[in-house]
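# Coordinate analysis (summary)
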Amino acid sequence: MIKLFSVKEKQQKEAAAAHGKLKQSPGELRLQKDISELNLAKGTTIIFPQGKDKLLNFEITIRPDEGLYKGGAFVFSFNVPTSYPHDAPKVKCKTRVYHPNIDLEGNVCLNILREDWKPVLSTNSIIYGLQFLFLDPNPDDPLNKDAAQMLQNDARSFEHSVRTSISRGAHIGGSYFPPCKA
Amino acid sequence: MEDLDGRWRDLNRLLARPGNIVGPGFEPQDEWIEFLQHQVRVLCVGAGGLGCELLKDLALSGFGNIDVIDLDTIDVSNLNRQFLFRMKDVGKSKAKVAAERVMERVQGVTVTPHFCRIEEKDRDFYEEFHLILLGLDSLEARRYMNQIACSFLEFDEDGKPDLSTIKPMIDGGTEGLKGHARVILPGITPCFDCTLWLFPPQTKFPLCTLAETPRSPAHCIEYVHLIQWPQEKGGEEFDSDDDTHMQWVYQQALKRAQQYGIQGVTLQLTQGVVKNIIPAIASTNAVVAAACTLEALKLVTLCSTGMNNYMMYVGTDGIYTHTAQYERDTQCLVCGAGVPMQVSPTATLQEVIDTLKESPALGGRHLRRPSISSGSSNLYMHGPLEESTRPNLRKTISSLVDGDGSILQVNDPGLAGPMRVSLQFRQS
Ligand SMILES: [Zn+2]
C-alpha cells in the first residue's frame, strides 16, 4: 500500500488540470476501430444520425443485388452498448419485411447477435450476417413462422410474395408489408 | 448515548500506537479519529445489499462524512438482507432511507443521499471524494465508475503516476455464496478494464429457440419478455420495476409453459430471469462489505499493510479466501499512461499522423490507416466518416486537443487494439 493521505496535509486538491475530461469509453474506441475498418458491400450504406462523435447509434441500409430480396432496401438500427464488444450490439430491422428470420417487430434471428456473439467479432461480421440472411433465408430457424412455412412448402409463392411486397407492397397472412424499393 | 467518552477507544489503539504489522509510512497519532470523522469524504456507490452493510461498517469504523448514491427504490424482496429498511419504507429511495437510518443510529456521522443514477452526476461531483466504495451488481456500472476514477489520474514525464491524482476505489461484489473485494489504485493496481477477463459474458438464448423450440421455464419467460411484450403492448416500454408488467410476463410465460408442457415457471423465477438476478445472501454481503471497509480504513491510515489487490471469497464449503496480486495492463485504455510523443503545438493533425507513422518507438511501421480521437471526439477517421473528419487534418493539434499531456487514441488495422499516445508539446 502507498501513502495517499496525511493528517497534516490539506486533503482538498487543486482543481484538476484541464485535460482530465471523460474520455471515450473502451467500447466506443473499439467501435471506432470497427467503423474505420468497415468494408461495406456495394449497395450497403451507413449513417450516424447523431454525428461523427456519437458512434453508438447508427443505421445500416442493405440493398441486396441478388437473391429473392434483390431490389429492396432494408434498414437496420444498431444500438451499441458501452460494454461493447463484451456484449453484442442490439440490432433491429426497421423495414417491415416478409422474412422467416425477421419478425414483424423487427427482431432478427442471427446467431452472432445473441448466443454466438464473441468479442472478437465486429460490426463488419454482423453486417455480413445480415446480408447473408437476405441471400439465404433459413426456414429452420423461424421468427416469422408463417413465412418459414410458405418458404418450405411453396417456394414459388414465397418468392412471388416477397417480390410483390418489395415492389408494390402486399398483404400477406393478415399483415401489410409496405413497398421498400431500393 | 449521552456519554461518548471512550467511544473510539478501540479504534484509537489501532491508530495511535506503533506496531509491527503497520504499513510503511504509518504515523501513529491521536488525530486519526478526528481526520476520519471530519476530513475524509467517502462515497458509497449503491445502497442495496452490499451498500447497507458498507454504510453501517463505515460509520462504525469512524468515517464521519459519507455520501451514498443509488437510483433504486426499496422493494419487499430486499427486506431480508437490506437491514436498514423496514416494511413501511417500501417504494422509497434506498439512498435516502439508508442515510436517515445510519444517522439515527450512529451519532455524529453525516450521510448525504443522492437518489439518482451514477451517470447523472458529473465528474466534479466525484472529484470531491477521497475514496470511493462500490457496492454494485453490474459490470456496466463498475466500468462507468472505473472510467470516472481513472479520469483523474495523471502521469509525470517518465510515465509514473502522480500520487496526488490517484482516486482510490474499493470494490465489493457478491454472487450467492461467493464474493470478492478488491482495491483499485489507478496507475498502481489494475483497474476494471485491466482485468476484464474476470467477468465472463453471460449466455443469451437464441431468439429462434425462444420462439420455436422452448425447452426450459427461462426460455418461456424470455420469449414473453423479449418478443411477446413488444408485439402485444405496442409502444409501451417494459419496466422491470413495474409490478403489473412483471405479473403480465409471469402469467403469459405460465401459459406458454403449459402449451409446451414445461414445468417450473414461478413469479420469482420470472423476476430472476427478467432482471438477471443472482440470489443474494445476507452473510456473503456482510463478509465482503467488512473486508472492503477494513481496506478503506487501512488505505487511509496505513495502520496495516492492506490488500494487494484482489481477494476472492468462497463460502460454499466452510470459508475459503485467496488474495491474488493481479497485474496492470500497461496498454490499458482506461488507466494506461500512453506512449509519450513530442510534437510542436503548431503542427497540423496531418503532421502529427506522419510523425506517428515514422516513429518506430510508437510502433509506427505497423500503422497503415490510423484513425485518431481525443477526449470524446473523433479527430480523424478512415471508413465512412473519413469525409466528415478530413477538414481536421489541416488544423493545428493544439486547437484540437485539450493541451499539453493530452491523450490521443490511435486505432489502426495493424494494431490489435487502440493505442494511447501522450502528447508532449515542444516548441520546434
Ligand atoms: Zn486499467
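Criteria and thresholds
- Residues numbered from 1 in each chain as written.
- Chains lettered and ligands numbered in written order.
- Predicted model: local features only at pLDDT ≥ 70, side-chain atom pairs only at ≥ 80, totals over all residues.
- Heavy atoms only, no water.
- Salt bridge = Lys/Arg side-chain N within 4 Å of Asp/Glu carboxyl O.
- Helix = DSSP H or I, 4+ residues; strand = E, 2+ residues; numbered from the N terminus.
- Buried < 20%, exposed > 50% of the residue type's maximum accessible area, 1.4 Å probe, protein only.
- Domains from an automatic or database assignment.
- Pairing = 2+ DSSP bridges.
- Axes fitted to C-alpha atoms, helices over the stretch in contact; angles between N-to-C directions.
- UniProt positions renumbered as here; feature names shortened; annotations may be inferred.
- Patch = residues over 30% accessible without salt bridge, like charges linked within 9 Å, V, L, I, M, F, W, Y side chains within 5 Å.
- Areas by Shrake-Rupley, 256 points an atom, 1.4 Å probe, with all protein chains shown as cover.

## Section: the pattern of salt bridges
Residue and element names in this part refer to chain B. Under the counting rule described, the total for this entry stands at 20 salt bridges over all chains. The closest approach of N and O atoms between K56 and E53, which form a salt bridge, is 3.0 Å. With K56 and E53 both in helix α3 (residues 49-60), this residue pair falls 3 residues apart, about one helical turn. Among the residues examined, K56 registers a relative accessible area of 26% and is labelled partly exposed. We classify E53 as buried; its relative accessible area is 8%. When the shortest N-O distance is used, the salt bridge between K56 and D57 registers 2.9 Å.

## What about the domain arrangement of chain B?
By domain assignment, chain B separates into domain 1 (9-200 + 280-324), domain 2 (207-275) and domain 3 (339-425). Between the C-alpha centres of domain 1 of chain B and domain 2 of chain B there is a distance of 36 Å.

## Side note on the sheet that holds strand β1 (residues 42-45) of chain B
Residue and element names in this part refer to chain B. Ordered by their spatial adjacency, 8 strands build an open sheet running β3-β2-β1-β4-β5-β6-β7-β8, and the pairing between neighbours is mixed. One side of each edge strand has no neighbouring strand; the edge strands of this open sheet are β3 (110-114) and β8 (320-324). For this sheet the average axis-to-axis angle between neighbouring strands, irrespective of direction, equals 15°. Of the pairings in the sheet, the one linking strand β7 (residues 310-314) to β8 comprises 5 bridges and is antiparallel in character. Across the sheet, residue Y313 finds its bridge partner in β8, namely T321.

## Describing the UniProt feature "active site" (unreviewed entry) in chain B
With numbering matched to this structure, UniProt assigns "active site" (unreviewed entry) to C208 of chain B. Note that C208 of chain B resides in helix α7 (residues 207-212).

## Section: unusual backbone geometry
Residue P85 of chain A is bonded to the preceding Y84 of chain A through a cis peptide linkage, with omega at 0°. With respect to the secondary-structure elements, P85 of chain A resides in the loop between β3 (74-79) and β4 (90-93). Looking along the chain, the bond that leaves N308 of chain B and enters N309 of chain B is cis, with omega of -5°. Structurally, N309 of chain B can be placed in the loop between α11 (282-301) and β7. Not every positive phi belongs to a glycine, and L302 of chain B is a case in point at roughly 65°.

## Overview of a nonpolar patch on the surface
Residues V76, M87 and V90 of chain B make up a contiguous nonpolar surface patch of about 260 Å² in total accessible area. Within the secondary structure, M87 of chain B sits in the loop between β2 (65-69) and α4 (94-105).

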